[in-house]
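Analysis of the macromolecular model
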Amino acid sequence: MPENTYHTSVMLHECIDGLHIDPAGTYVDVTFGGGGHSKAILDKLGPEGRLFSFDQDPDAWEQAEKIDDERLTLITANFRYLEKYLRLHRVKQVDGILADFGVSSFQLDAPERGFSIRFDGPLDMRMGPSASMTAAELLNSYSADELQRILGMYGEVKNARTLAQAIIQARTRKALETTQEFKEILNKLAPKHREFKYFAQVFQAIRIEVNQELAVIEEFLAQAPAILKPEGRLVIMSFHSLEDRLVKNFIKAGNVQGKEDKDLFGVVHRPLESVIRKPITASEEELKLNPRSRSAKLRIASKL
């Protein structure tokens, strides 16, 4: 499957430029996906360069198998275990780390994965087999308070309480199994003429909880500075405000809360420094070619 039918890499050139690649360096792509970013990194590396790519999705593993390059090592694990797996490969520090937190086009468009709003399929939403529960298991077991919390926090759903109660009522009649059954509940509560946005917010909230996405990002960020060499680059692309806020705070203060650690002289101690004044967004040309790039924000930092 050609890369552009699996997933179109957003801001590909901006990401690669942000890594400031040394041809003899060692790099990590923690979100292999369709391989677009990894292939572009390999194109910039010389014979001595090395690339370690992470992905927990078996569909992505199939894409990686098509790359015949000894410089590439695929690690079939969640990137929350970044330090552990690099250590297993005897890698202590690297020259750059790239992360693209977006869900791949393939995942969104494959009905059997359960991410799609457009197609009916099982309520799965797991990004990899390591996820402890499916969306169906979540929707059929969480309490009203738990559902309200994740819908409001992760989806910014305004009628989260009402929706949570509607889910509880529906599952007492029959366990929820498919995205179509779930959408029938949402249809009754979605704001008029804003149905698609409402569905997207709700699906995002459930997906984030199923995959523990924000916890994974926090764990990853905590490990990144120690793994980077001095002046090594951290390049991260986020697709919604919850992700971007964690990244922004970590670059600014060295923690996801954004609390600056100042000494007696008022000097802030942090492991990273932003190399751009504000996040990079997709160009007008890219927006026309790939509307999914509209929400992307790219942040680039350097190890101090």
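Going by an unreviewed UniProt entry, the chain carries the name Ribosomal RNA small subunit methyltransferase H and comes from Aquirufa originis. Heading Catalytic activity (unreviewed entry) of the UniProt record for the chain holds this comment: "cytidine(1402) in 16S rRNA + S-adenosyl-L-methionine = N(4)-methylcytidine(1402) in 16S rRNA + S-adenosyl-L-homocysteine + H(+)".

As recorded in UniProt, the feature "binding site: S-adenosyl-L-methionine" (unreviewed entry) lies at Gly35, Gly36, His37, Asp55, Phe79, Asp100 and Gln107. Within the annotated group, the residues that form the lining of the largest cavity are Gly35, Gly36, His37, Asp55, Phe79, Asp100 and Gln107. Tracing the backbone shows Gly35 in the loop between β1 (26–29) and α3 (36–44). The buried category is assigned to Gly35, whose relative accessible area is 0%.

Note on placement: Phe239 falls in the loop between β5 (228–238) and α13 (241–253). Beyond its immediate stretch of four places on either side in the chain, Phe239 contacts Val10, Asp100, Phe101, Gly102, Arg292, Ser295 and Ala296.

Where empty space is left in the structure can be found by rolling a water-sized probe over the atoms. Approximately 1,100 Å³ is the volume attributed to the largest pocket. Only α6 (105–109), α8 (144–155), α11 (195–211) and α13 provide two or more residues apiece to the lining of the largest pocket. Looking at which element gives the most residues to the lining of the largest pocket, the answer is α11, with seven residues.

Our next topic: the sheet that holds strand β6 (residues 272–274). Spatial ordering of the open sheet is given by β3-β2-β1-β4-β5-β7-β6, a layout of seven strands whose pairing is mixed. Unpaired on one side and paired on the other, β3 (72–75) and β6 mark the two borders of the sheet. Here the average twist between neighbouring strands, direction ignored, is 20°.

Scoring rules and cut-offs
- Here the residue index of a chain counts from 1 through its sequence in written order.
- The model is predicted, so local features are restricted to residues of pLDDT at least 70 and side-chain atom pairs to those at 80 or more, both for listing and for counting; the totals for chains, interfaces and linings are taken over all residues.
- The basis for every side-chain value is the complete set of heavy atoms in the structure, and neither hydrogens nor water enter the calculation.
- UniProt positions are given in the numbering used here, feature names are shortened, and annotations may be inferred rather than shown by experiment.
- Only protein atoms enter the calculation, which uses a 1 Å grid: trapped sets of points that fit a 1.4 Å probe without letting it out are cavities, open sets showing protein on both sides within 12 Å along at least five of seven lines are pockets, and any residue with an atom within 4 Å of a point is a lining residue.
- The helix count covers DSSP runs of H or I at least four residues long, the strand count covers runs of E at least two residues long, and both are numbered beginning at the N terminus.
- Burial status follows relative accessibility: with a 1.4 Å probe on protein chains alone, a residue under 20% of its type maximum counts as buried, one over 50% as exposed, and anything between as partly exposed.
- Any two residues having at least one pair of non-hydrogen atoms within 4.5 Å are treated as being in contact.
- Grid points are joined across faces, edges and corners, and a volume is the space filled by probe spheres set on the points.
- By the convention used here, strands pair only if DSSP detects at least 2 bridges between them.
- Here an angle of 0 to 180 degrees is reported between the N-to-C directions of two axes, which are lines fitted to C-alpha atoms, with helices fitted over the stretch in contact.

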